[in-house]
Each structure stands twice: as structure tokens, then as C-alpha cells.
Amino acid sequence: MKLSIKFFTNLLFAIMLPLSIVQAQDTITTDPLQSGSKALQFQISDNFNLNSFSGTTFSYKWHLSDVRAKRIGFSFNNRYTWRSFPDSDNEEISSLDLNFGIDYTWMNYTNPDSDIKFFYGYGPGVDFGFDKSVQEENGVKRTSQASFYGIAGIGYAGVEWFFQSSMSLHAEYRATVQINHRHEKNITELNGNEEVNKINSTSISLGGNGVRFGLSVYF
């Protein structure tokens, strides 16, 4: 049986958290919110699984002072699949998906000396990607490909509680306004003839992203 790094991370978190909360008041001897403090941030999802808090791959925060900080989050996803169907007439399907995104926000703490610290933040986000799928069956080749990009304005507010001098739990509500542009091209090839259909679309979205619960580890 293969045990993943994610499993060991979740197990370590499950062991450390109860012990840390019990001795929280005795452990906090220094102020973690100060110039030069840095933190890795993890999102606590269902069943206490840990993911990146801002972005799907990596989330990092650094403090400029006790009331100001910056946060950056990266997202990177890619997938390639290929399938063939021996029982059909030479049918094959392949697909490629690439996505990349980055969030960069400024954070402000309004009451850094309180046990439960309130913060808010804002900043831009960008993402872009490419996807392509090819299907071949009975001499007909259909290719569908698309490129897209999005620009977002991000705003959030939340609270943070330190149960150790280097670890905190936080809850955050986030809202975004985003503009997305997508360019699609569909190509059908048969007997040397090619038919091309192009589609351009732009969409604007505004809304909340719900509440996120997280864990920050300072160093």
C-alpha cells in the first residue's frame, strides 16, 4: 500500500493540533506579527485535508510590519489523457489541459495585539490556460482547442487566532470580480478537406467564494 506525503501531513496536523491548543496560553511568548515574519498557508478542507490556501499549489505570506503583510498564491494544473476503443472502428481520443494562475494581495491587520486578530486584504489575480482535444473515428478527425485568460479583483476579510507562537488558525470570506476571455477553434478534417469554426467569448462574473478555513505555519 502506498502512503502519500499528503497522508503524513494530515496525520501530523491531526496529532499536533489538539496538543497545541491545550497548551496554547503557555506557548505564545513572542509576537508572530512583526516585520520579517513569513508563513506558509494551508487550507483545511473536508475531513481535515490540507491544500494550498490561496492558489491550488502554493501559498506564502510575509509581513512588512505588525499590521501589514503581503500574500501570494500560485495555481498550476495540467493533465494529458489518451484513450482508444478496440471494439470500435479505429476510434481514438486524446486531450491536453494546462492552467496557471497567480494571486497577489495586500493584507492589513486592525488589532494585532488582540487574541483574535481581524484582517482584510485586496489585490489582483490573473490566470490563463490552454486545452486541446482530438478525436479520430472512421477517417474523420475532429480537433477542438481553446486558449483563455482572466483578470480578477480580489477582496477578503477574516479572523486569525494563534494557538502557538508559530501556528495559527484562520477563517476568511472572499469575493471576486473577474473578466474572462476565451478563444475557441473547432476543426473537422475529412478526405483532405478541412472545416474551421472559431468562437470568441467574454464573460464578467461577480460574487462570493464562501468561507475558507486555514492553517498558517510561521518561520
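Procedures and definitions
- Residues numbered from 1 in each chain as written.
- Predicted model: local features only at pLDDT ≥ 70, side-chain atom pairs only at ≥ 80, totals over all residues.
- Heavy atoms only, no water.
- Helix = DSSP H or I, 4+ residues; strand = E, 2+ residues; numbered from the N terminus.
- Buried < 20%, exposed > 50% of the residue type's maximum accessible area, 1.4 Å probe, protein only.
- Contact = heavy atoms within 4.5 Å.
- Salt bridge = Lys/Arg side-chain N within 4 Å of Asp/Glu carboxyl O.
- Polar contact = N/O pair within 3.5 Å; in protein donor to acceptor, adjacent residues only side chain to side chain.
- Core = buried A, V, L, I, M, F, W, Y, C linked by side-chain atoms within 4.5 Å.
- Phe/Tyr/Trp six-rings, centres within 6.5 Å; stacked < 30°, edge-to-face > 60°.
- Pairing = 2+ DSSP bridges.

**A look at the environment of I204**
Along the chain, I204 turns up in strand β9 (residues 193-218). Residue I204 is classed as exposed on the basis of its relative accessible area, which comes to 64%. Put simply, I204 and A152 are 52 residues apart on the chain and 9.6 Å apart in space, counted from C-alpha to C-alpha. Those residues in contact with I204, other than ones at most four positions away along the chain, are Q178 and I179.

**Topic: unusual backbone geometry**
You will see that N191, though not glycine, has its phi angle at about 55°, which is positive. Positionally, N191 belongs in the loop between β8 (167-190) and β9.

**Brief notes about the pattern of salt bridges**
Enumeration according to the criterion identifies seven salt bridges in this entry. R79 is paired through a salt bridge with D97; the nearest N and O atoms lie 3.4 Å apart. Of this pair, R79 sits in strand β4 (residues 68-85) while D97 sits in strand β5 (residues 91-109); the two residues are 18 residues apart in sequence, bridging distant segments of the chain. Between R182 and E184 there is a salt bridge; the shortest N-O distance is 3.2 Å. With relative accessibility at 28%, the residue R182 sits in the partly exposed group. Among the residues examined, E184 registers a relative accessible area of 22% and is labelled partly exposed. Overlapping salt bridges, with partners in common, bring together R71, D103, E172 and R174 in one network.

**Observations concerning the side chain of K70**
As for its position among the elements, K70 is in strand β4. Here Y104 takes part through its side chain, which lies 3.3 Å from a polar atom of the side chain of K70. When near neighbours in sequence (up to four residues on either side) are disregarded, K70 contacts Y60, K61, W62, L64, Y104, T105 and W106.

**Some thoughts on the nonpolar core**
In terms of nonpolar packing, the biggest core is built from ten residues, these being L33, A39, A69, M107, Y109, F119, I154, Y156, F162 and Y218. Those elements that provide at least two residues to this core are β5 and β7 (140-164). Of the residues forming this core, the biggest block, three residues, is contributed by β7. Setting aside residues no more than four positions away along its own chain, F119 makes contact with M107, N108, Y109, Y156, A157, G158, V159, E160, H170, A171 and E172.

**Thoughts on the packing of aromatic side chains**
In this structure the tally under the stated criterion is eleven aromatic pairs. Feature note: the residues F58, Y60, W62, F74, Y104, W106 and Y122 constitute an aromatic cluster, connected by ring pairs.

**Section: the environment of I116**
When you line up the elements, I116 lands in strand β6 (residues 116-137). Residues I116 and E160, spaced 44 residues apart in sequence, show a C-alpha to C-alpha distance of 5.7 Å.

**Remarks on the pairing of β9**
Where strand β1 (residues 38-44) and β9 come together, five bridges link them in antiparallel fashion. Residue pairing for β9: L40 is matched across the bridge by V217. As defined by bridge partners, β8 adjoins β9 across 23 bridges and the pair is classed as antiparallel. Residue pairing across strands places A175 opposite G208, the latter belonging to β9. As consecutive antiparallel partners, β8 and β9 are separated by two residues, and within that stretch N191 has a phi angle of approximately 55°, a positive value.

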